[in-house]
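Given next are the chains, with one letter for each unit.
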Amino acid sequence: MNKYIYLILFILIALTPNILFAVDASLSKKAENPFYDCLFDSAELNKHCTKLPNKQPVKVQISLHLLDILEINQIEGTWTVRSFLYSQWKDNRLAFNPKDFGELSILSYKDDLANDQMLRMWHPNLTITNQMYRREIENREISISKFGIVYYKEVFTAKIRTRLNFKKFPFDEHVVTIEVEPFSETQTLVRLVPAVRENGNSSVAPDIWTANKFKVEFSNRPGARNQLSTDTGLWLDPDGSQSLRLLHLLVPSSLNFSLMTFSLGIKRNYFNFLTTKLLILYVFALILWINAGFSGGEQSLRWPWEVFLGIIFFSLEAQDELPPLPYLTLYNLLVNELYAYVFIDFVAWVISTRLKIEENHSPRILLQRIQIWFIGPAFILAWAATISLYIKYM
């Protein structure tokens, strides 16, 4: 029995130097890079890891690739997209020795591991400022190189509010945007710059829309701390007091937030609307013109009320897909011109009927010719001129 006790004591004495050496080596590695905790799970978050890497502005390279346009909601003025976001920045505190990580030169974190790593290190907290709700992140991946360069990737879905101008409806074109900026740091601390990875668009727009070219702009804008005051042209200083400085000089660039704006042009496919709405209204106008010029006998005493009711029915429901607007659209102007033509034709019919009763043929024939050769063509020219001028100058 004593032999076994001596054997166990001998083994413990032999292993003690190795254990102490391993602890000492671990402590020495930590002493060489005290931010190794930023790369591992820890019971308490390291406050040093989540602060800005240095006093100089951190340049965050960023790019966006639009994968799909899920919906364009004209009533709400929103578009829902699925997109790929890429960003890159350098944090020297995250640099490591590959020998300490099995000769790995890049550490990768995916899904839940990436979410945990986001809590352990500093990141620019990129936010889509014009989103309606918090974006839904489908996949997320973080890679950290041995030099401390962080590569961030995510695929997200977001419902984004944008400005839609329907003045040229149904020939309207719009520019929808995605605005990305750091949530808390101004541009003196974090600055967004173009990434080596190019921006792109491989999306397919919904059926009634055609996607045009996209562009990306990098700029800045005042942060939420500089709210507009109730007086036009005046801003509130960071302490809440008003300043009388000029608007463009009031907010120093140090208080602005770096901004990346992804813009995409979209154009309505109006062929279906032309064939199912405008063409029908045009046919009704053509029937009025034919009725005014080529009807005779007793039929000339009857005005085509059915055509008028059809114009009302087809013109009212055409803009149901749009929200209530404070301005007239091109379609509204065309319909008003059609109503004006109907009213003029009705007045001409009343006058023609009275002349028919009085059997005064010469003025009635003259009025009929005016309807055929002047009023009808004038309506067609008015529609063509309105469409051309409105699209060109509005």
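Structure's up top.
The model shown is predicted, which means the values in this text are computed figures rather than measured ones.

Asks: How should a nonpolar patch on the surface be read in this particular structure?
Replies: Judged by side-chain polarity, Leu 279, Tyr 282, Val 283, Leu 286, Ile 287, Ile 290 and Ile 380 come together as a nonpolar surface patch covering roughly 530 Å² of accessible area. Of all the elements, helix α4 (residues 271–294) adds the most residues to the nonpolar patch, at six residues. As for its placement among the helices and strands, Leu 286 is situated in helix α4.

Asks: Could you clarify how one ought to interpret the packing of aromatic side chains in this entry?
Replies: Any pair of aromatic rings gets described here by the distance separating the centres and the angle formed by the planes. If you walk through the whole model with that rule in mind, you get 17 aromatic pairs. With centroids separated by 5.5 Å and ring planes inclined at 80 degrees, the aromatic side chains of Phe 273 and Tyr 331 adopt a geometry described as edge-to-face. Highlighted residues: Phe 273 in helix α4 and Tyr 331 in helix α6 (residues 330–357), separated in sequence by 58 residues. On the numbers, 5.9 Å between centres and 55 degrees between planes, the contact of Phe 284 with Phe 314 is tilted. Separated by 30 residues along the polypeptide, Phe 284 in helix α4 and Phe 314 in helix α5 (residues 305–316) bring together distant segments of the chain. On the accessibility criterion, Phe 284 (15% relative accessible area) is buried. Since its relative accessible area comes to 22%, Phe 314 is described here as partly exposed. Through a chain of ring-to-ring contacts, three or more aromatic side chains come together here, namely Trp 303, Trp 305, Phe 308, Phe 346 and Trp 349. In this structure, Arg 135 is placed above the aromatic ring of Phe 156, and the distance from its NZ or CZ to the ring centre is 5.7 Å. The ring centre of Tyr 327 lies 5.5 Å from the NZ or CZ of Lys 167, which sits over that ring.

Rules behind the numbers
Residues numbered from 1 in each chain as written. Predicted model: local features only at pLDDT ≥ 70, side-chain atom pairs only at ≥ 80, totals over all residues. Heavy atoms only, no water. Patch = residues over 30% accessible without salt bridge, like charges linked within 9 Å, V, L, I, M, F, W, Y side chains within 5 Å. Areas by Shrake-Rupley, 256 points an atom, 1.4 Å probe, with all protein chains shown as cover. Salt bridge = Lys/Arg side-chain N within 4 Å of Asp/Glu carboxyl O. Helix = DSSP H or I, 4+ residues; strand = E, 2+ residues; numbered from the N terminus. Phe/Tyr/Trp six-rings, centres within 6.5 Å; stacked < 30°, edge-to-face > 60°. Buried < 20%, exposed > 50% of the residue type's maximum accessible area, 1.4 Å probe, protein only. Lys NZ or Arg CZ within 6 Å of the ring centre and 35° of its normal.

Note that all results are geometric; they support no functional claim without further evidence.
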